[in-house]
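Take a look at the letters that make up each chain.
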Amino acid sequence: MAQCSQNTYDFIKGVFGPKIAVISSQGAEDICSTHGLSIVDLLKPFSLLNSEFQIRDPNNAPHIIKGLNLTFSYPVKNADSVQIFRKLLSDAISSTHLEGNVGVSVKGYYVKQSTPWYEIFRDMYFEHFSPKDHDSIMHFLACAVFVSANEDDPVARVKKMKQEIVSISQWIDPEFMSYHVVVHDASKPTKVPVQETLNALSTLYGPAMCHVLKLNDAKEETNGNPGPNPWIQFTKGRSYSDSQTDKTAQTLLQMAMDDETDAVVDPLGANDDQELPSSVFPEDKDKKQVGEKLTVHDQAAIRSCIRDFVIRALLPFNERRMKSLNESLNTRRGLRGTLFSATKKFFNTAPKPGAPGVSSSSNPGYQTDSPEILLRRLGDIAYLLQHYTMAYNSYHAVKRDFQNDQAYYHYAAALEMTSLSLFMGTGGRRDPHSYYDECINVYMNICKAPQYAMRSTLVHCECLISRGHFHTAANWFISMANGETDLHSGLLMEQGAHCYVRMEPPSLRKYAFQMVFAGHKYSKAGQRRHALRCYHNASAILKGKGWSLAENHIGFTIGRLSYNTKDISGAYTAYKYLLSYKNNVAEVQNSQVIFQKGVQDFVSVVQQYLNTQPAGTTLELPVPIVKHNKISVSLFEASQVGVDNTLPDYDKAKGARILELEEQAHELLSNGANHVFRTHQTVFNEWTSNVNRPLCAVNEVITIRIPVKNPLQIPVTLSNLSLHCLHSPRDPNDPIKTLKASSRGSSPDLTAKNKLKCATKEQIRVTTLEQLVLGPEENVIVTLSVEPLIEGNITIAGLNYHLVSTKAVETVQQDGTLVKENPMENMIPGRISLNPNGPRLNLSKEQRCSEVYGTDNRLTFIVTPPLPLLRLSTASLPTHLYCGELKCGVIELMNIGSTPLSELCIVTSHPKHVILGEVKLEPFQPTVHPVHGSECEVVKIKHIQDTGTVLPLPNGQLHPGETAYISCWIYGGDNESSLDILFLAYYKPSDPGASISHRIVSGEARVNVNVSVAVESRVCHMAPTPDNQLRLTGTVRVENTGVYNLSLQDLNVTQLSLISNRWKLEHNANTIPLVIYPGGSLSIPFTATLLPPSDPQHYLSSISLGTSKELIDGRQQHILELFQKSDACQETVKEEPGSLDPIYNLGMIVYWEGSVSEGENTRTLHAQQHSSLQANIAQHVPSQLLAMSVTYKNSWETDFKIKPLLSVGVTLHITNCYRETVTVIVTTNNHINKPESEKPKLFLPFMWSGLMKHKLAIAEDTTESVNLNALFSNPGVYNINQISVAVVTSDNRTIPQTIPGTMLLKVDPPSLSNYNTPVMA
């Protein structure tokens, strides 16, 4: 419960205090009406007596009375109707001032604790409460008769008025006291002297029962200072009873009956646009006039009248009545205390309260002089005179009699007063609250009297809160909240919520939820301002706590209530928060309905809110949500406006490589000069460093990709999406170097004359996305662009758009069916500010303890004068190659800028795979056929560490609109791989005074390299010739590794080239076609002669192989440069300092051709492989003296069911590479003595037939053949390289020889053969 202005004891004294019936004549009322008051209003400010009074109890013991609170009221013949009371209560609460309430801080939340509207409700409830006969404590204790001294016969008027008192039945004691007051208006003469009237009344009723109240004494009036006015606080919200005009009551009743026929207003429904009910209170007179003319002497006279009434009449009379009642009860108790009491105790079968079968109307009548009524009367008088011990004893004794008699109304009233007597007195052994709990249950469940249960609950909760039992009080408030009216329920739920927040520890969530329920009840009762206040209090607690559904309901209701109370600003704030909240309740259908209505209402609210703002105002709307840090900026990228699902992938490693390539190109073009390098960044996103401001030139497109998300559970439609740009012109007096410096992280200089303003169409050109439909919780990427038209500074400040709300129009057809058609669209302009943050700083302790972010200038651009701009295309470069293949393509560079460029350099990430040729301004076809050359040529060889290629332009410049075509050779390399070749073009403007030093453009080509050929060179023997020349004999082993790639066929080795400064290849007379099929290998012997020493230069000697007669010119740029970039060249030019032995490094180039099937077409590929070998004359020991190859048919088809064995002929060709005749021993053994690790595991076994050992003599440079036969018994794949070869020299040395590679043979069942041609391995 909230904090009230009265403490609990004063409140209870006011509710259950002595009630004095006021009987007044019309003349007395007229005297008071001149001051805007009635008799009751005149006495009300002085009814609380702070003095102490002493009486004696029936035992003659003194008793002190403190703070006696009298209640003067008119005896109402007919109580106000329920409708009138509800109307009065509703208007009183709706007119209560809401602002300025007292609040406290609870767990960091500011909670308002003052609820004056509840006090008004509570006071009016007790003021208009009509007690029944059993509720004697609420009856009148005495009567005060007021008559005017200006009456014709005041005494006769008093006698007549006393006769009217008989009609009043509700008295605590039938022998009540009457007090007579003569109201004398001193400003007017009287017909009968006042003293004579007083004497006559004193003679009739006694001098202690009469008093003269003198008002309007002009002689005593102060000089313009009448003193404080105590009547102001009692004039608002006064009651209207039958003593007043019947016209007001009839008006109120008619209005209340009219309201009863209206439908209940639901704040969550669609019909929540009705006006608040108008006030039904008659207009009060000006508060400054109410009692203002009454002087301090008049106030003292009124106070003296009430004091004399209490001291001389009220207290002595009731003191005597207490003694009389006590004596009467003692007498009767003596007569009935034995047999009657025992009989009633043992033979009474009355059920307990709440037991089944108990009637709610059981209320036996009691005579006014019955012992129970007398005991109750004694308790009432003792309680009103604050003798709480006697009152408790009386109530506690009589409640048992009422329970036994099943007089449950009397029983509940006795329980209530028993509890209050304990609470107000010194207390007892039993908890006083237990009596109240039982009292409320009896009123509610047995008596079916909810109005009495409500009254008891209000008083009981006050007692509980004063003792600190907040949780129990909250439960009682909430249990009584399901009352007959929504206003009562709202008031009680709100008080229950305040009880939760005053607990230790506070229950804030319960407080918030009860506030929501109270707001809902207030809204149904038409109290929208109070409902709005409750929802605001709940929102302060639940906001941001993850209660999504509750927040959605609260936000929507606050917006709707604010809109209906004409608070457009509050409605805008509520709906904005509702739509911007991150919801996690996609499965709740109710949220979709709330958001659908919320969007429609939000559009209407914003339209009205914009009418209150200056023209051209654009609001920050909560839908959609922009992920600021994921905004991507691309310079010079001509992307179309549209919507994507994901951002383009940004490879951080690729960005680092581009930076390295840019530095290489800068060093290459600077020629070693110490120039300051400043990178030219073209992409800005969350992964890049955005300290430098982006630089772009006039008429160059800037592409912005903005990730947006719909946070709602419903689709949202946006239209006319565009970038909101600010522009400031550059001062023409500023030099270009100032512009360059400003790009390094500093902000633009925005002076008073150079301030950023909204860009116009003459300054920029922006693109517009006409419509965007976002599904529920959908994430998309919006791509927009801006093109600067003049120099200066551009800042992209936000995203402009229109939020579209579609609402179908309902039409009724002739058959009565309701059809929704003709959707109407409402659009409101909105904007989302774009504010990306830089990386979070973590250097100092302050930065680590707080969220501090670095500078991010990705959306702040410097626009320079026109510059050249290149566009790079690698579309014509090959995408698929084989190992060793060399293929030519074209790189296109087009100047799409406005000025020419003069210097051009291209660097690549894979220099060993790329050779750049000449630059042409016209398109051309790349070279396909190789150029023919001679057998031996002199070349200059050096190992190249490629850092880039400076390409001279044909005319020294590349003008706008021109395209440069550059031939580019792509080499497949030695291994299977996937190459992502990155090209970077580094160029400079022709104008030396340009605003930037250089620009870059990059492109990428992905090349997939397939396996083809593996090459290995070996020196077999070195010996002098007969003419004393040193001759080198070696072999080149070529293996077709494309066993699983059947598209590469007919692989022919066509040429060998040797690069050395001392060795030259000798002509080879072998004309046998050197064809290698997949899985096969070939050893090619060669001989070289040592040349005499000469100048430090290299010889390129070549020999043709097979049927090829023409030689390829190895001096061509792409061939020679490719060799110089290879590892073989590095070994060839490597020197051996300090070595005493003559060591020679040789480089070998193997040229081969092949046919490739690509779909239905077949193309011929040209390839070259590089290898290196080393010759040491002094330490060389020959190991491989023979060059060997095997010919056989590698694919067979046979049916082993018909023919169990397959015989295959194999021919072994042996060439003697040694300087003398040797003996060769060939052994075919089915169990070759090899280690287990070397034995093949993947092939099937087979058997050799025929002669197992062959011995033959082979002369120098002579080739012999050996015919062998292999047997196979099962289909499968076999390796027939199970032949042992050894050489026996003239000095009886045995040197084992190796047949290189794997010799595969495949045997298939019928119709599964793949090959049917001879093979050489």
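Because the structure is predicted, anything quoted here is derived from the model rather than measured. (Residues numbered from 1 in each chain as written. Predicted model: local features only at pLDDT ≥ 70, side-chain atom pairs only at ≥ 80, totals over all residues. Heavy atoms only, no water.)

Undergrad: Just checking my understanding: could you explain the overall build of the protein for this structure?
TA: If you tally the helices and strands in the protein, you get 28 helices and 57 strands. Of all 1321 residues assigned to the protein, the portion counted as buried reaches 50%. Put simply, 79% of the contacts in the protein that link residues at least 6 apart link residues at least 24 apart. As presented, the protein carries roughly 61700 Å² of accessible surface, and 50% of it is formed by carbon and sulfur atoms. (Helix = DSSP H or I, 4+ residues; strand = E, 2+ residues; numbered from the N terminus. Buried < 20%, exposed > 50% of the residue type's maximum accessible area, 1.4 Å probe, protein only. Contact = heavy atoms within 4.5 Å. Areas by Shrake-Rupley, 256 points an atom, 1.4 Å probe, with all protein chains shown as cover.)

Undergrad: Whenever I open this one, the packing of helix H5 (residues 116-127) against helix H18 (residues 486-501) confuses me. Can you help?
TA: Any two packed helices are characterised by how steeply their axes cross, that is the angle between the axes, and by the distance between the axes. Running from N to C, H5 and H18 cross one another at 125°; their axes reach a closest spacing of 11 Å. The angle between H5 and H18 places the two elements in the oblique class. Seen from above, H5 lies across H18 with left-handed handedness. Here H5 contributes Trp117, Tyr118, Phe121 and Tyr125 to the contact with H18, which in turn contributes His488, Leu491, Glu494 and Gln495. (Axes fitted to C-alpha atoms, helices over the stretch in contact; angles between N-to-C directions. Parallel < 35°, antiparallel > 145°, perpendicular 65-115°, else oblique. Left-handed = near helix turned anticlockwise from the far one by under 90°.)

Undergrad: Teacher, can you tell me more about helix H14 (residues 408-424) here?
TA: Count 3.6 residues to each turn of an α-helix, and residues three or four apart come out pointing the same way. End to end, H14 covers 24 Å across 17 residues, agreeing with the expected 24 Å (1.5 Å per residue, within 8%). The buried fraction of H14 is high, at 17 of 17 residues. (Expected span 1.5 Å × (residues − 1).)

Undergrad: I keep staring at empty space enclosed by the protein and nothing clicks. Help me out?
TA: Following the criterion strictly, the structure yields five cavities of 30 Å³ or more and no others. What the largest cavity holds in volume is close to 70 Å³. Forming the boundary of the largest cavity are Ile12, Lys13, Phe16, Gly17, Pro18, Leu68, Asn69, Tyr383, Leu384, Gln386, Tyr388 and Met424. Breaking the lining of the largest cavity down by element, the ones donating at least two residues are helix H1 (8-15), strand E3 (62-69) and helix H12 (371-384). (1 Å grid on protein atoms, 1.4 Å probe; cavity = no way out; pocket = protein on both sides within 12 Å on 5 of 7 lines; lining within 4 Å. Points joined across faces, edges and corners; volume = space filled by probe spheres on them.)

Undergrad: Just checking my understanding: could you explain the side chain of Ser539 for this structure?
TA: For Ser539, the location among the structural elements is in helix H20 (residues 528-542). Sequence-distant contacts of Ser539, that is, excluding residues within four places in its chain, are made with Ile554 and Ile558.

Undergrad: Where do I start with the pattern of salt bridges in this structure?
TA: Pairing is possible between side chains of opposite charge, provided their charged atoms come close. Using the criterion set out here, one finds 23 salt bridges in the structure. In this structure, Arg122 engages Glu462 in a salt bridge whose closest nitrogen and oxygen atoms are separated by 2.4 Å. Of this pair, Arg122 sits in helix H5 while Glu462 sits in helix H16 (residues 450-466), and the two are 340 residues apart along the sequence. Each member of the pair, Arg122 as well as Glu462, is classed as buried. Linking Lys654 and Glu1004 is a salt bridge whose minimum nitrogen-to-oxygen distance equals 3.2 Å. Pair noted here: Lys654 is in helix H24 (residues 652-670) and Glu1004 is in strand E35 (residues 999-1010), with a separation of 350 residues, a long-range link. The exposure class assigned to Lys654 is partly exposed, which follows from its relative accessible area of 24%. Among the charged side chains, a salt-bridge network with shared partners connects Asp173, Glu175, Arg321 and Arg377. (Salt bridge = Lys/Arg side-chain N within 4 Å of Asp/Glu carboxyl O.)

Undergrad: How should I be thinking about the layout of surface pockets in this particular structure?
TA: Unoccupied space between atoms shows up once a probe the size of one water molecule is rolled over them. Estimated volume of the second largest pocket: approximately 1400 Å³. Taken together, 44 residues line the second largest pocket, and the ones lying closest to its centre are Tyr650, Ile658, Thr682, Val683 and Ser1002. Elements with a minimum of two residues in the lining of the second largest pocket: strand E12 (632-635), H24, strand E25 (870-873), strand E34 (977-989) and E35. For the lining of the second largest pocket, the element with the most residues is H24, which contributes eight residues. Its residues assigned to classes, the lining of the second largest pocket comprises 18 nonpolar, 12 polar and 14 charged. (Nonpolar A, V, L, I, M, F, W, Y, C, P; charged D, E, K, R; others polar.)

Undergrad: It is not clear to me how the packing of aromatic side chains should be interpreted in this structure. Could you clarify?
TA: Geometry of an aromatic ring pair is reported as the spacing of the ring centres plus the angle between the planes. For the structure on display, the rule yields 23 aromatic pairs. Pairing Tyr179 with Phe309 gives two aromatic rings, centres 5.0 Å apart and planes at 65°, and the pair type is edge-to-face. Taken together, the residues span a long stretch of sequence, with Tyr179 in strand E8 (residues 177-185) and Phe309 in helix H10 (residues 296-336) at a distance of 130 residues. By relative accessible area, which is 2% here, Phe309 ends up buried. Taken together, Phe11, Tyr118, Phe121, Tyr125, Phe126, Phe129, Tyr443, Tyr452 and Phe477 form an aromatic cluster joined through their ring pairs. (Phe/Tyr/Trp six-rings, centres within 6.5 Å; stacked < 30°, edge-to-face > 60°.)

Undergrad: What should I look at first to understand the nonpolar core in this one?
TA: For soluble globular proteins, nonpolar side chains are generally found buried alongside one another. Counting residues in hydrophobic clusters, the biggest one holds 146 residues, and the most contacted among them are Ile12, Phe16, Tyr383 and Tyr443. Examining the composition of this core, we find that 13 residues originate from one element, H10, more than from any other. Apart from the residues within four sequence positions on either side, Ile12 is in contact with Gly17, Tyr383, Leu420, Phe423, Met424, Val459 and Cys463. (Core = buried A, V, L, I, M, F, W, Y, C linked by side-chain atoms within 4.5 Å.)

Undergrad: Which parts of the structure should I look at to understand the sheet that holds strand E7 (residues 142-148)?
TA: Sheets are built from strands that pair by backbone hydrogen bonding, the pairs being arranged parallel or antiparallel. Strand order in the open sheet formed by five strands is E4-E1-E7-E8-E9, and the pairing between neighbours is parallel. Taken across any chain shown, the strands that pair with only one partner, and hence form the sheet edges, are strand E4 (71-73) and strand E9 (210-215). Taking each pair of neighbouring strands and ignoring which way they run, the sheet shows an average axis angle of 25°. Direction of pairing for strand E1 (residues 19-24) relative to E7: parallel, over a ladder of five bridges. Across the sheet, residue Ala21 finds its bridge partner in E7, namely Cys143. Sheet strands in contact with helix H2 (residues 26-33) are E1, E7, E8 and E9, and its direction is about 75° off that of E7. (Pairing = 2+ DSSP bridges.)

Undergrad: Sorry, what's going on with the sheet that holds strand E26 (residues 880-882) here?
TA: In space, the five strands of this open sheet follow the order E26-E35-E34-E28-E32, with mixed pairing throughout. What marks the edges here is a single partner per strand, and that holds for E26 and strand E32 (949-950). When strand E28 (residues 901-908) meets E32, the two strands line up antiparallel, connected through two bridges. Within E32, the position partnered with Ile906 by the bridge is Thr949. Sheet strands in contact with H24 are E28, E32, E34 and E35, and its direction is about 45° off that of E34.

Undergrad: Which parts of the structure should I look at to understand unusual backbone geometry?
TA: Of all residues except glycine, most have a negative phi; of all peptide bonds, most are trans. Residue Glu504 is joined to Pro505 through a cis peptide bond whose omega torsion reads 0°. For the bond running from Val623 to Pro624, omega is 0°, close enough to zero to count as cis. Residue placement: Pro624 occurs in the loop between strand E10 (619-620) and strand E11 (625-626). The phi torsion at Asn60 lies on the positive side, around 65°, for a residue other than glycine. For Gln406, which is not glycine, the phi dihedral falls at a positive 55°. Within the fold, Gln406 resides in the loop between helix H13 (388-404) and H14. Gln406 gets classed as partly exposed once you look at its relative accessible area, which sits at 27%.

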